[in-house]
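Here is what each chain is made of, one letter per residue.
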Amino acid sequence: MITVSSTSCGTGWEHAASGLQTFQIHDISTDPVEVSLTNAQTGGVYAEIEAIGPGTTRPMQVDVGSGTYAFVCDASGGARVTGPTTTVPGKIPDGTAVLPPDLSDTLTAVTSERAYVTAGLATAGHQVSLLEADIAAGHLTAARSMWLTAHLTYERLGSAYGMFGSYDDAIDGSPDGLPGGVGDPSFTGFYRIEYGLWHGQSAAQLIRPAQGLNRDIRSLRTAYPGMLQYPQAALSDLALRTHEILEHAIRFQLSGADDFGSGTTLATAEANIDATRAQLGMLRPMLASWHPELATVYSQLALLQRLIKTEQAGGDWTPVSRLSPSQREKIDSAAAETVQLLAPIAVMFESSPLP
């Protein structure tokens, strides 16, 4: 039994030995405690448990090799506490310890993300203005083309996933849960306009949704600088979404759930791949030495993109509903494998020591 608290950390580790071990971590304090097992020399993290409740015991499984170890505890509202150093003798290789990113690498990644999102929002804003103009002029064929262009630009932002809050609901939300479904007045944004453009609605019916989308994009551009997080949280969020963007695509795009008439969810899935690749690029200087399967991640992304791109012919996309079982199985299998390869990245940057 390893005991932790807000004032002491990792007492009770006796008879240290190598091999796969399961530590029972028990919080003896009155506060929740986050516990990490670290390399005492480098600070690299082997395993971590978040928010162990007071009086609670939770398991931590670790591949222990020869070397020096120390438990580190973070209690809510308290200072970080490093426990005693424990030495495991011998020459047995240990598991992989993830080193916290330094300040320079962290700031480079989050600054790149902010510049990427800011530029993408500006492009999307311009394209949505053109979309509104096409609808106002009654040029609905041109509006369909501009709708897809603008929507894909927005989907390539990556940071739109879970970051923009109510703005994303208004701009890219579906009618799920709305009493009136696609006819509900609260159904707005890209998907509302898609539904109207591909279901025979007139320019007069679509001008208000187009104006609303334009207004919401402008408001988001104004609000975005105030949404920026401090560097550690921004880096952790960036890594998390690098994994979750494609999870979201599998659920809503590759399933066809977010097809409201245009049949272009495969195009949206490809835009999500672009977003994933862009965010990987922001993290790549750190991932290059930490993620042994990074090259495989990129090759799997390329395979998935090729499979999806095959379903575009002459500028038109095949709706997911028209894919053969074999085509759909290949795409779904490649997407699932890609998400699995991206999964370790989601938790790789949680241990940054930055404030």
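See the structure above.
What this report covers is the structure whose coordinates are included nearby. (Residues numbered from 1 in each chain as written. Predicted model: local features only at pLDDT ≥ 70, side-chain atom pairs only at ≥ 80, totals over all residues. Heavy atoms only, no water.)

Points about the overall build of the protein chain
Next, step 1: When its secondary structure is counted, the protein chain shows nine helices and 11 strands.
Next, step 2: Principal-axis analysis of the C-alpha atoms places the extent of the protein chain at approximately 75 × 45 × 40 Å.
Next, step 3: Burial status across the protein chain gives 48% buried among its 355 residues.
Next, step 4: Of the contacts formed within the protein chain by residues at least 6 apart in sequence, a portion of 69% connects residues at least 24 apart.
Next, step 5: Accessible surface for the protein chain amounts to roughly 16100 Å². Of this, 52% is attributable to carbon and sulfur atoms.
Next, step 6: If the 20 positive side-chain charges of the protein chain are averaged to one point and the 36 negative ones to another, these points end up 8 Å apart. (Helix = DSSP H or I, 4+ residues; strand = E, 2+ residues; numbered from the N terminus. Buried < 20%, exposed > 50% of the residue type's maximum accessible area, 1.4 Å probe, protein only. Contact = heavy atoms within 4.5 Å. Areas by Shrake-Rupley, 256 points an atom, 1.4 Å probe, with all protein chains shown as cover. Lys, Arg positive; Asp, Glu negative; His and termini not counted. Charge placed at Lys NZ, Arg CZ, Asp CG, Glu CD.)

Section: helix H4 (residues 190–197)
Next, step 1: Summarising burial for H4: seven of the eight residues are buried, a large majority.
Next, step 2: Those residues of H4 that sit buried are Phe190, Tyr191, Arg192, Ile193, Glu194, Gly196 and Leu197.
Next, step 3: Residues of H4 that are buried in the fold lie against helix H1 (103–136), helix H2 (140–155), helix H3 (166–172) and helix H5 (203–223).

Section: the state of the cysteines
Next, step 1: A complete count under the given rule lists one disulfide for this structure.
Next, step 2: Each sulfur of the disulfide joining Cys9 and Cys73 lies 2.0 Å from the other. Measuring handedness by torsion sign, the sulfur bridge of Cys9 and Cys73 sits at about 75° and is right-handed. Of this pair, Cys9 sits in strand E2 (residues 9–11) while Cys73 sits in strand E7 (residues 67–75), placing them 64 residues apart in sequence. For the pair Cys9 and Cys73, a shared accessibility class is recorded, and that class is buried. (Disulfide = S-S within 2.5 Å.)

Side note on the packing of aromatic side chains
Next, step 1: The final tally for this structure, using the stated rule, is 11 aromatic pairs.
Next, step 2: Aromatic pair Phe187 and Phe260: ring centres 5.8 Å apart, planes at 50°, arrangement tilted. Remark: Phe260 occurs in the loop between helix H6 (231–252) and helix H7 (265–290) and Phe187 occurs in the loop between H3 and H4; sequence separation between them is 73 residues. Across this residue pair, the class does not change: Phe187 and Phe260 are buried. (Phe/Tyr/Trp six-rings, centres within 6.5 Å; stacked < 30°, edge-to-face > 60°.)

Concerning the nonpolar core
Next, step 1: If you look at the biggest cluster of nonpolar residues, it comprises 67 residues, and the most contacted ones within it are Ile135, Tyr154, Phe164, Leu280, Leu283, Ile308 and Phe349.
Next, step 2: For this core, the secondary-structure elements that each account for two or more residues are H1, H2, H4, H5, H6, H7, helix H8 (294–309) and helix H9 (325–342).
Next, step 3: For this core, the leading source of residues is H7, giving 11 residues.
Next, step 4: If sequence neighbours within four positions are ignored, Leu283 has contacts with Leu235, Leu238, Ala239, Thr242, Ile345 and Phe349.
Next, step 5: Formed by 22 residues, the second largest nonpolar core is a distinct cluster that contains Val4, Val35, Ile49 and Met60. (Core = buried A, V, L, I, M, F, W, Y, C linked by side-chain atoms within 4.5 Å.)

Thoughts on the pattern of salt bridges
Next, step 1: The final tally for this structure, using the stated rule, is five salt bridges.
Next, step 2: The closest approach of N and O atoms between Arg241 and Glu113, which form a salt bridge, is 2.7 Å. Separated by 128 residues along the polypeptide, Arg241 in helix H6 and Glu113 in helix H1 bring together distant segments of the chain.
Next, step 3: Arg241 sits in the buried class, given a relative accessible area of 2%.
Next, step 4: For Arg156, the salt bridge goes to Asp274, with nearest N and O atoms at 3.0 Å. With Arg156 in the loop between H2 and H3 and Asp274 in helix H7, this residue pair connects regions lying 118 residues apart in the sequence. (Salt bridge = Lys/Arg side-chain N within 4 Å of Asp/Glu carboxyl O.)

A few points about unusual backbone geometry
Next, step 1: Positive phi values are uncommon outside glycine, yet His15 reaches one of about 55°.
Next, step 2: The exposed category is assigned to His15, whose relative accessible area is 75%.
Next, step 3: Unlike most non-glycine residues, Ala51 shows phi in positive territory, near 50°.

Thoughts on the pairing of strand E4 (residues 33–39)
Next, step 1: Counting buried residues in E4 gives six out of seven residues, a clear majority hidden from the surface.
Next, step 2: Two elements, E4 and strand E5 (residues 45–52), share five bridges in a ladder whose sense is antiparallel. Bridge pairing links Leu37 to Ala47 in E5.
Next, step 3: The antiparallel pairing of E4 with E5 creates a hairpin that spans five residues between the two strands, and Gly43 there sits at a positive phi of about 85°.
Next, step 4: Of the strand pairs in this sheet, E4 and E7 are connected by seven bridges, and their pairing is antiparallel. (Pairing = 2+ DSSP bridges.)

Describing the side chain of Asp216
Next, step 1: Within the secondary structure layout, Asp216 lies in helix H5.
Next, step 2: In contact with Asp216, not counting residues within four places along its chain, are Tyr167, Ala170 and Ile171.

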